[in-house]
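The primary structure of each chain is shown beneath.
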Amino acid sequence: MNTDQLLCTFTVADKNYGVIVDNVQEVLANHQITDIPLAPPGVMGLMNIRGRIVPAIALRKVLRLAEKVRSDDEDDEDTIFNIIINHDGEQVGLMVDQIGDIITINPEEIEPPPETLKGAARRFMYGVFSVQDTLHLLLDLDTLLDDEMCTRSLSESTRSVLQ
Amino acid sequence: MPQNDKALQSFLIESDENLAQLEQDIVALERAPDDSDCVASAFRAIHTIKGTCGFFGFSHLEALTHLLEDILGAMRDGHLKMDLDAAAALLDGIDEIRVFLKHINNEGNDGKAAPDELMARLHALVPEKSATEPAVVIPEPGVETTTAVTVSEASDDDQPHHENEGESGELDHEEHEAGAELSSTAAPTPTESTVRVDVVLLDKLMNVVGELVLTRNQLLQHAASQNDSQLVNLSQRLNLVTSELQEGLMQTRMQPIRNAWATYPRLLRDLEKKTGKKVNPTLKGGDTELDRSLLEAIRDPLIHLVRNAVDHGIESPEVRLAAGKPEAGSLTLSAYHESGNVTVEISDDGKGLDSKKIVRRAIEAGLLHPDQVDSLTEREKIRYIFQPGFSTAETVNDLSGRGVGLDVVRNNVERIGGSIDIKSTPGQGTTFKLKIPLTLAIVPALIVRCLHQRFAIPQVNLLEVVYVEADKLDEDIQTVHDALVYRLRGRLLPLVDMRTLMHMGTPDKQHDQFILVLTADQQEFGLLVDDVRDTEEIVVKPLGRLLKDNPCFAGATIMGDGRVALILDVKSTADFAGVTRQDRKLNQQANMDDRTHQPINVAENYLLVRPNEQTGRSAIALSKVSRLEEIRIDSIEYSAGREVIQYRGKILPLIRLGNNISTDDEDNEMIRIVVQPTEFGEVGLVVNDIIDIVSDNTANIERVAQSDGVLGAGILQGHVTDFIDSDALIRHYRDQNNNGGHDEH
């Protein structure tokens, strides 16, 4: 029995991704983020979402994509979207460049990632699906949020420097 | 079936409460077997459990509770008297019921029957079946009152020798009450005024109210900036309502501390049995309320302290009698509110703590340097029992054990934002004083700014705030090889610059700074921040899984403007900054097996210097350094053939550390001196170079008789290093001068 899967698509550094909508709570634009000193490199800071403190994950960093180049003439380029995900009873925000659509997909249409896909991207990929002839990568949140970019505080590396 | 689950759950909770009551009553009865109140109360408790487990069909549990009920029923009716054997058997029975309840909680059924041996012991206690049998089996709560009364009258007639007239009358009266209450427990009456609430629901409500409070704060800020009187009025009303709601909800979470104390009578009884000591407990202020999560958090520390007081504080009856004290030791637990905190005191009238032994042990464990002892107050000395080193004590003396696990107790108390203090008078007793905040979720904190960010520093860790003006920065804050120090009332306070530590940016030398003097693990350090704002009551929120190993922050809070501020974990920050090195010292102590070396405990920071052009290194105890100066070589003058400089309006004699009076100083314009206070006034040690400040000290100093003024040599940071004995050096210098017929004074 194949039940259709709802996916939320988005782009980071002009690449297309998707997550399963069941986990998505809401999408926020330009939400205030507070820095956390010594946080894991992939954790950009903390957001206040109606009284709950939610970490914001920089997908660019975790997916090892190029840093965003700031363009002064295009102001609307600076909009940062946060997809708030419920994961393991906790909320996290995924920082993305653009929000796409909510699409319906048959799980059979999700194909395994191609052999040519290498590196960080491959590690976090659950599979590949296509929307209007554009290939999207479906992210596996469990591996993504377990990655050392998200979990390993700077403390360990800095500690060795300090001593 | 979820409904059944709920009923089962409330059966478990209720039974747990009833068991606690039962246990208390039995222990009380053991001391005063004639207390009919207690008998009645114990009977009611077991009767309720028995009744309900019959309803659920837990036959094994029912058999056991039935037996206990029989025994207590017989006691109630005066056929049986509580004695030590009976109490022991009943308590074992209670333990067994707990095993059943646990099994029911895990598996949903009552499993195997209770051990035969226990059942036999209990059976043996039940008196011969007699005419009083109906009193034991209570068919219906409704008729209970009358049955009980008639039976008790009958029993009084049967055994008139058992009680005297007055007592039996009283007993009769009690029976009426017991019967009446029994029927009220069996069928809830309309006067029931309490409701059981799920803790998860309460927590959730607490969170929602927290949000409401924050929204209120934001609205108030907004309304204040608006010129709308209607809005201001409304927001004021909202303000009042929210505060009331918050307060009310907080109160629902409050529980009297008596709940935590309920287990003590049993605990003390078992301890008395085990140690052969006698203890008279006094519990005061049981009505004092605090948040249930805090109550949970201090339950174990309190039990530990009580156990500790009996095990190690209170002496055996013989020793007590010999010391002219009453045979039974007294143990007092009292709780009361004090300046926004709850204070719990546990005091015994035992032998007290011997600060000399504690100090000796602390020195052995490498926690304390012998030189430091004199500067410690009595209170500071006994506080060493809270150090982790004491829990690994191997030395067998009467002190050992007193400290076992006390570091854990302290940690647990400090984790919830509390503090623990200790007072002790040798021969008269010891008092542990715990200060606990009223609630866990809300903490008073100082809000500080560092660069563009705000941080919250819990008030419990804050000692004082020192203000340093921008143009005084270089003068007041000294740097030794990247290590910052500040001289606070004569002591060198290690400083940590928050920006450097947390990789936030470079220190700011343009603006005024603040030093927060913080305490962690009894060690003080200063944290350099940009600005100090307000003190605020902040709502603590967890950081979540991704940030759980962050070395500096304990949580986060939401400020009035809706932004997030991080809460500093002072203890972890100190560890991270390397201010506290306790663990390492202990490890070294454990590794110090090689007894050919004469170990000298070096539990302090050292200034590492290069005395002369050669590559040799020397270490000077940092506590003996008052300042580091760079002076021009041409400012050196001579007095009595000795080098001196004019320093702060005085003459400062110089001592060359390397035995090379004349070097090619002409090449260097500046020389570095380490200013040290001595009994003869300040002197300056001339060194070639200052290398570092080290507190990591794996050096076993070997006493090599090299020259005067050198304590010995050891390996520090992988290099052979001479340890300077400043006192000897100065004495040597003085002697030379005196021999020369000159006097410095």
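Here the structure is a predicted model, which means the values were calculated and not measured.

Some remarks on the overall build of chain A
Phase 1 of the analysis: Looking only at helices and strands, one finds five helices and ten strands in chain A.
Phase 2 of the analysis: Burial statistics for chain A: of 163 residues in total, 48% are counted as buried.
Phase 3 of the analysis: Contacts spanning at least 24 positions in sequence make up 57% of the contacts within chain A whose residues lie at least 6 apart.
Phase 4 of the analysis: Here chain A displays about 8600 Å² of accessible surface, and carbon together with sulfur accounts for 46% of that area.

Here's the deal with the overall build of chain B
Phase 1 of the analysis: Check the secondary structure of chain B and you find 22 helices and 29 strands.
Phase 2 of the analysis: Per-residue burial over chain B gives 46% buried out of 745 residues.
Phase 3 of the analysis: Of all intrachain contacts in chain B linking residues separated by at least 6 positions in sequence, the fraction that spans at least 24 positions is 67%.

Examining the packing of aromatic side chains
All names here are of chain B.
Phase 1 of the analysis: Under the criterion given, the structure shown has seven aromatic pairs over all chains.
Phase 2 of the analysis: Between F11 and F56 the ring centres are 5.3 Å apart and the planes differ by 45°, which places this aromatic pair in the tilted class. One end of the pair, F11, is in helix α1 (residues 2-31); the other, F56, is in helix α2 (residues 36-56), with 45 residues separating them in the sequence.
Phase 3 of the analysis: Between F386 and F432, the aromatic rings sit 6.2 Å apart at their centres with planes inclined by 70°, giving edge-to-face as the arrangement. Here F386, found in the loop between α16 (378-382) and α17 (406-415), pairs with F432, found in strand β7 (residues 429-437); they are 46 residues apart in sequence, far enough to count as distant. By the burial criterion, F386 is buried, and F432 matches it.
Phase 4 of the analysis: Counting every residue linked through ring pairs, the aromatic cluster contains F11, F56 and F58.
Phase 5 of the analysis: Directly above the ring of F43 sits R76, whose terminal nitrogen or CZ lies 4.2 Å from the centroid.

Thoughts on α2(B)
Residue and element names in this part refer to chain B.
Phase 1 of the analysis: For α2, built from 21 residues, the straight-helix expectation of 30 Å at 1.5 Å per residue is met to within 8% by its first-to-last C-alpha distance of 31 Å.
Phase 2 of the analysis: The buried count for α2 comes to 15 of 21 residues, which makes it a mostly enclosed element.
Phase 3 of the analysis: Near the N-terminus of α2, the side chain that reaches the backbone nitrogen of D37, with its oxygen 3.0 Å away, is that of D35.
Phase 4 of the analysis: Directly after α2, the chain includes G57, whose backbone phi takes a positive value near 80°.

Side note on the UniProt feature "modified residue: Phosphohistidine" (unreviewed entry) in chain B
Residue and element names in this part refer to chain B.
Phase 1 of the analysis: UniProt records the feature "modified residue: Phosphohistidine" (unreviewed entry) for H47 in the present numbering.
Phase 2 of the analysis: Assignment of secondary structure puts H47 in helix α2.
Phase 3 of the analysis: Judged by relative accessible area, which is 15%, H47 ranks as buried.

Considerations on a negative patch on the surface
Phase 1 of the analysis: Residues D4(A), E108(A), E109(A) and E111(A) make up a contiguous surface patch of negative charge.
Phase 2 of the analysis: Note that D4(A) resides in the segment before β1 (5-12).

Some details on the interface of chain B and chain A
Phase 1 of the analysis: Counting residues at the interface gives 29 residues for chain B and 34 residues for chain A.
Phase 2 of the analysis: Both sides together, the interface formed by chain B and chain A hides about 2600 Å², and carbon and sulfur atoms give 60% of it.
Phase 3 of the analysis: Among the residues of chain B in contact with chain A, R545(B), L546(B) and F576(B) are the three that bury the most area, contributing 27% of the side total.
Phase 4 of the analysis: Connecting chain B to chain A are one salt bridge.
Phase 5 of the analysis: A salt bridge links D146(A) to R545(B); its shortest N-O distance comes to 3.3 Å.
Phase 6 of the analysis: Between the two partners, chain B and chain A, sit six residue pairs in polar contact (both at pLDDT 80 or more).
Phase 7 of the analysis: Here the side of chain B that touches chain A gets four residues from one element, more than from any other, and that element is strand β17 (residues 553-558) of chain B.

Things to note about the sheet that holds strand β12 (residues 483-488) of chain B
Residues and elements named next belong to chain B.
Phase 1 of the analysis: With mixed pairing, six strands are arranged side by side in an open sheet as β10-β14-β15-β13-β12-β11. With partners counted over all chains shown, the strands left at the sheet margins are β10 (462-468) and β11 (477-480), one partner each. For this sheet, the mean inter-axis angle between neighbouring strands, taken without regard to orientation, is 35°.
Phase 2 of the analysis: In terms of strand pairing, β11 meets β12 through four bridges, oriented antiparallel. What sits directly across from V480, in β12, is A483.
Phase 3 of the analysis: Contacts between helix α20 (residues 570-577) and the sheet are confined to β13 (491-497), β14 (513-520) and β15 (523-529), with β14 contributing the most and set at about 100° to the helix.

Observations regarding the pattern of salt bridges
Residues and elements named next belong to chain B.
Phase 1 of the analysis: By the definition in use, this model includes 29 salt bridges over all chains.
Phase 2 of the analysis: Residue R266 is joined to D270 by a salt bridge in which the shortest nitrogen-to-oxygen separation is 3.5 Å. Here R266 and its partner D270 are both found in helix α12 (residues 264-275), four residues apart, which amounts to about one turn of the helix.
Phase 3 of the analysis: Note on D270: relative accessible area 32%, which makes it partly exposed.
Phase 4 of the analysis: R320 is the partner of D349 in a salt bridge, and the nearest nitrogen-oxygen pair spans 2.7 Å. Of this pair, D349 sits in the loop between β5 (341-348) and α15 (355-364) while R320 sits in helix α14 (residues 317-322), and the two are 29 residues apart along the sequence. Each member of the pair, D349 as well as R320, carries the same accessibility label: buried.
Phase 5 of the analysis: Sharing partners across several salt bridges, the network here consists of E23, E30, D95, R98, R266, R269, D270 and K273.

Topic: α20(B)
All names here are of chain B.
Phase 1 of the analysis: All of the buried residues along α20 are V570, T573, A574 and F576. The arc enclosing the buried residues of α20, seen along the axis, measures out at 160°, which places them on a common side.
Phase 2 of the analysis: Phi turns positive one or two residues past the end of α20, at G578, with a value near 80°.

With respect to the confidence of the model for chain A
Phase 1 of the analysis: In this model, chain A carries a mean pLDDT of 81, and residues with pLDDT of at least 70 account for 86%.
Phase 2 of the analysis: Predicted confidence for residues 157-163 of chain A stays below pLDDT 50, and this span has eight contacts to residues more than four positions away or in other chains.

Remarks on the sheet that holds strand β2 (residues 279-284) of chain B
Within a beta sheet, neighbouring strands are joined by backbone hydrogen bonds and run either parallel or antiparallel to one another.
Residues and elements named next belong to chain B.
Phase 1 of the analysis: With mixed pairing, the five strands of this open sheet are ordered in space as β2-β4-β5-β7-β6. Looking at strand neighbours, the two that pair on one side only are β2 and β6 (419-425), the edges of this open sheet. Within this sheet the neighbouring strands show an average axis-to-axis angle of 15°, counted without direction.
Phase 2 of the analysis: Bridging between β5 and β7 involves eight bridges; their strand directions are antiparallel. Bridge pairing in β7 places I346 opposite F432.

Points about a nonpolar patch on the surface
Phase 1 of the analysis: A grouping of V195(B), V197(B), L201(B) and L205(B) is seen on the molecular surface, where their side chains present a nonpolar patch of about 370 Å² in accessible area.
Phase 2 of the analysis: Looking at where L205(B) falls in the secondary structure, it is placed in helix α9 (residues 199-225).

Describing unusual backbone geometry
Phase 1 of the analysis: Despite not being glycine, L38(A) has its phi angle at roughly 65°, a positive value.
Phase 2 of the analysis: Relative to the assigned elements, L38(A) resides in the loop between β3 (24-29) and β4 (43-49).

Quick notes on the confidence of the model for chain B
Residues and elements named next belong to chain B.
Phase 1 of the analysis: For chain B, mean pLDDT is 75; residues scoring 70 or higher make up 78% of the total.
Phase 2 of the analysis: Predicted confidence for residues 582-603 stays below pLDDT 50, and this span has 37 contacts to residues more than four positions away or in other chains.
Phase 3 of the analysis: Overall, residues 740-745 carries pLDDT values under 50, and its contacts beyond four positions in sequence, including any with other chains, amount to ten contacts.

Side note on the packing of helix α3 (residues 59-76) of chain B against helix α4 (residues 84-107) of chain B
Residues and elements named next belong to chain B.
Phase 1 of the analysis: For the pair α3 and α4, interaxial distance at closest approach is 10 Å and the crossing angle is 150°. As summarised for this structure, α3 and α4 are arranged roughly antiparallel, according to the angle between their axes. Helix-helix and strand crossings are classified by hand; for α3 and α4 the assignment is left-handed. Residue-level contacts link H60, L61, L64, T65, L68, I71, L72 and M75 of α3 to A86, L90, G93, I94, E96, I97, F100, L101 and I104 of α4.
Phase 2 of the analysis: The residue inventory of the contact of α3 with α4, partitioned by class, reads 13 nonpolar, three polar and one charged.

Observations concerning the environment of D287(B)
Residues and elements named next belong to chain B.
Phase 1 of the analysis: Examined against the element boundaries, D287 turns out to sit in the loop between β2 and β3 (289-291).
Phase 2 of the analysis: Between the C-alpha atoms of D287 and N259, which are 28 residues apart in sequence, the distance is 9.3 Å.
Phase 3 of the analysis: The residues contacting D287, other than those within four sequence positions of it, are P256 and R258.
Phase 4 of the analysis: In terms of polar contacts, D287 uses its side chain to reach the side chain of R258, at 2.2 Å.

Cut-offs and rules
Residues numbered from 1 in each chain as written. Chains lettered and ligands numbered in written order. Predicted model: local features only at pLDDT ≥ 70, side-chain atom pairs only at ≥ 80, totals over all residues. Heavy atoms only, no water. Helix = DSSP H or I, 4+ residues; strand = E, 2+ residues; numbered from the N terminus. Buried < 20%, exposed > 50% of the residue type's maximum accessible area, 1.4 Å probe, protein only. Contact = heavy atoms within 4.5 Å. Areas by Shrake-Rupley, 256 points an atom, 1.4 Å probe, with all protein chains shown as cover. Phe/Tyr/Trp six-rings, centres within 6.5 Å; stacked < 30°, edge-to-face > 60°. Lys NZ or Arg CZ within 6 Å of the ring centre and 35° of its normal. Expected span 1.5 Å × (residues − 1). Polar contact = N/O pair within 3.5 Å; in protein donor to acceptor, adjacent residues only side chain to side chain. UniProt positions renumbered as here; feature names shortened; annotations may be inferred. Patch = residues over 30% accessible without salt bridge, like charges linked within 9 Å, V, L, I, M, F, W, Y side chains within 5 Å. Salt bridge = Lys/Arg side-chain N within 4 Å of Asp/Glu carboxyl O. Lys, Arg positive; Asp, Glu negative; His and termini not counted. Charge placed at Lys NZ, Arg CZ, Asp CG, Glu CD. Buried area = accessible area lost by both parts, 1.4 Å probe. Pairing = 2+ DSSP bridges. Axes fitted to C-alpha atoms, helices over the stretch in contact; angles between N-to-C directions. Arc of directions from axis to C-beta. pLDDT = per-residue confidence, 0-100. Parallel < 35°, antiparallel > 145°, perpendicular 65-115°, else oblique. Left-handed = near helix turned anticlockwise from the far one by under 90°. Nonpolar A, V, L, I, M, F, W, Y, C, P; charged D, E, K, R; others polar.

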